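Summary of the model geometry
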Amino acid sequence: MQRGIACPAQKTGDIAILKLLSSHCLFEGLQQRYRHYSRTLGCEMNFSIYLPPTAFNPSRAPRMDGPGKFPAIYWLSGLTCTDENFTLKAGAQRTAAELGIVLVIPDTSPRGEGVAASPDAAYDLGLGAGFYVNATQAPWSRNYQMYDYIVDELPALIEQNFAVGDVRAISGHSMGGHGALVIALRNPRRYSSVSAFSPIANPIASSWGRKAFTHYLGNDEKCWQNYDATLLIESSRPSEHLPLLVDQGDADEFLPGQLKIERLIAACEAANYGARITMRQGYDHSYFFISTFIENHLRFHHNAFRNF
């Protein structure tokens, strides 16, 4: 029998109603998938969540209040992904169960009927490629408000419906690594720490980033700067520096043309930002890379939770 919140996906005033799509026991915890209507994005959205063994009462749904609040790591996935890529491929749940960490995995863009998509079905624009920005240009601005969804709406939803408190970290891969870095750097008091695998570190200098920013944000490149981790680090203040961890494979096919990790390293050095950025010999851009080092990232965030 499935355990969790199982209700029709709809909106009722300011209360989001969750529909349980799936629930599986995993390392004595629960791996679940939900659908809800997002007021921010104007469409239904899916997210996955892993609840470690201590985060729920097996006899009923996850607690919505009371003293048992658990820290959460928000994982942002990359181009073409959904919430299921990390859930099925990363192998993070074993360590999350051990450490008592909730994993929250949203989708990478709005989807559904009426949501704008790339006119030529390109993988790097539109569906699956929200780039975690608040779009200002039509037709994207109607739904592509992924920054606000990740920063505000989704955490509020999670904290209202599960035994999750306001101690949170954020991580991601590729486009999601870009999103995690940007969101944490712009909101340093909301997150205990940030980490990334193979992030698009300087999207203004990347064809992926330039294409997305032109469509979503317009042609004024000054408007792009708030969504570029390298530029944000260059202008950061020491009082706002977060624990920051990045892993990058040196066999990554996107490293020289798209990711620009060397610019992130230079920015951290110039700003005296105490980031841990490691080049991993022989590793590529795939989930084989992520699954190898995801335990390190979860333990990194677990240590940061203690000081938050």
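Data block above holds the structure.
For the structure given in this document, a descriptive report is provided here. (Residues numbered from 1 in each chain as written. Predicted model: local features only at pLDDT ≥ 70, side-chain atom pairs only at ≥ 80, totals over all residues. Heavy atoms only, no water.)

**With respect to the overall build of the chain**
Helix and strand counts for the chain stand at nine helices and 11 strands. Its C-alpha atoms give the chain a radius of gyration of 18 Å, near enough to 19 Å, the size a compact globule of 308 residues would have. Out of the 308 residues in the chain, the part that is buried amounts to 58%. The contacts of the chain with a sequence gap of at least 6 include a subset with a gap of at least 24, amounting to 70%. Total accessible area computed for the chain in this model is approximately 12,600 Å², and 49% of it derives from carbon and sulfur atoms. (Helix = DSSP H or I, 4+ residues; strand = E, 2+ residues; numbered from the N terminus. Rg over C-alpha atoms; globule rule 2.2 N^0.38 Å. Buried < 20%, exposed > 50% of the residue type's maximum accessible area, 1.4 Å probe, protein only. Contact = heavy atoms within 4.5 Å. Areas by Shrake-Rupley, 256 points an atom, 1.4 Å probe, with all protein chains shown as cover.)

**Let's talk about helix 9 (residues 287–305)**
Given a rise of 1.5 Å per residue, 19 residues ought to cover 27 Å, and the 25 Å separating the end C-alpha atoms of helix 9 matches this to within 8%. In the structure, helix 9 departs most strongly from a straight axis at Phe-293, where the bend amounts to approximately 50°. Those residues of helix 9 lying buried are Tyr-287, Phe-289, Ile-290, Phe-293, Ile-294, His-297, Leu-298, Phe-300, His-301, His-302, Ala-304 and Phe-305. Near the N-terminus of helix 9, the side chain that reaches the backbone nitrogen of Phe-288, with its oxygen 3.2 Å away, is that of Ser-286. (Expected span 1.5 Å × (residues − 1). Bend = angle between axes of the 7 residues up to and from the residue. Polar contact = N/O pair within 3.5 Å; in protein donor to acceptor, adjacent residues only side chain to side chain.)

**With respect to the sheet that holds strand 11 (residues 276–280)**
Strand order in the open sheet formed by nine strands is 3-4-5-7-6-8-9-10-11, and the pairing between neighbours is mixed. Pairing within the sheet leaves two strands with one partner each, and these edge strands are strand 3 (19–26) and strand 11. When strand polarity is set aside, the average angle formed by the axes of neighbouring strands in this sheet is 20°. As defined by bridge partners, strand 9 (residues 194–197) adjoins strand 10 (residues 244–249) across four bridges and the pair is classed as parallel. (Pairing = 2+ DSSP bridges. Axes fitted to C-alpha atoms, helices over the stretch in contact; angles between N-to-C directions.)

**Looking at the side chain of His-173**
By the secondary structure assignment, His-173 is in strand 8 (residues 164–173). Look past the residues within four positions of His-173 in its chain and what remains in contact with it is Trp-75, Leu-76, Ser-77, Gly-78, Phe-197, Ser-198, His-285, Tyr-287 and Ile-290.

**Quick notes on the pattern of salt bridges**
Considering all chains together, one arrives at 11 salt bridges under this definition. Between Arg-299 and Glu-98 there is a salt bridge, with the nearest N and O atoms lying 2.8 Å from each other. Here Glu-98 lies in helix 2 (residues 93–99) and Arg-299 lies in helix 9, a separation of 201 residues in the sequence. Notably, a salt bridge pairs Arg-280 with Asp-247, separated by 2.8 Å at the nearest N-O pair. Placement of Arg-280 in strand 11 and of Asp-247 in strand 10 is noted, with a sequence separation of 33 residues between them. (Salt bridge = Lys/Arg side-chain N within 4 Å of Asp/Glu carboxyl O.)

**Focus: empty space enclosed by the protein**
Applying the stated rule across the entire model yields one cavity of 30 Å³ or more. In this model, the largest cavity occupies a volume close to 40 Å³. Elements with a contribution of two residues or more to the lining of the largest cavity: strand 6 (70–76) and helix 9. Looking at which element gives the most residues to the lining of the largest cavity, the answer is helix 9, with four residues. Residue composition of the lining of the largest cavity, grouped by class: six nonpolar, three polar and no charged. (1 Å grid on protein atoms, 1.4 Å probe; cavity = no way out; pocket = protein on both sides within 12 Å on 5 of 7 lines; lining within 4 Å. Points joined across faces, edges and corners; volume = space filled by probe spheres on them. Nonpolar A, V, L, I, M, F, W, Y, C, P; charged D, E, K, R; others polar.)

**Thoughts on the environment of Glu-269**
Relative to the helices and strands, Glu-269 is located in helix 8 (residues 261–270). For the pair Glu-269 and Ile-233, spaced 36 residues apart in the sequence, the C-alpha separation amounts to 9.7 Å.

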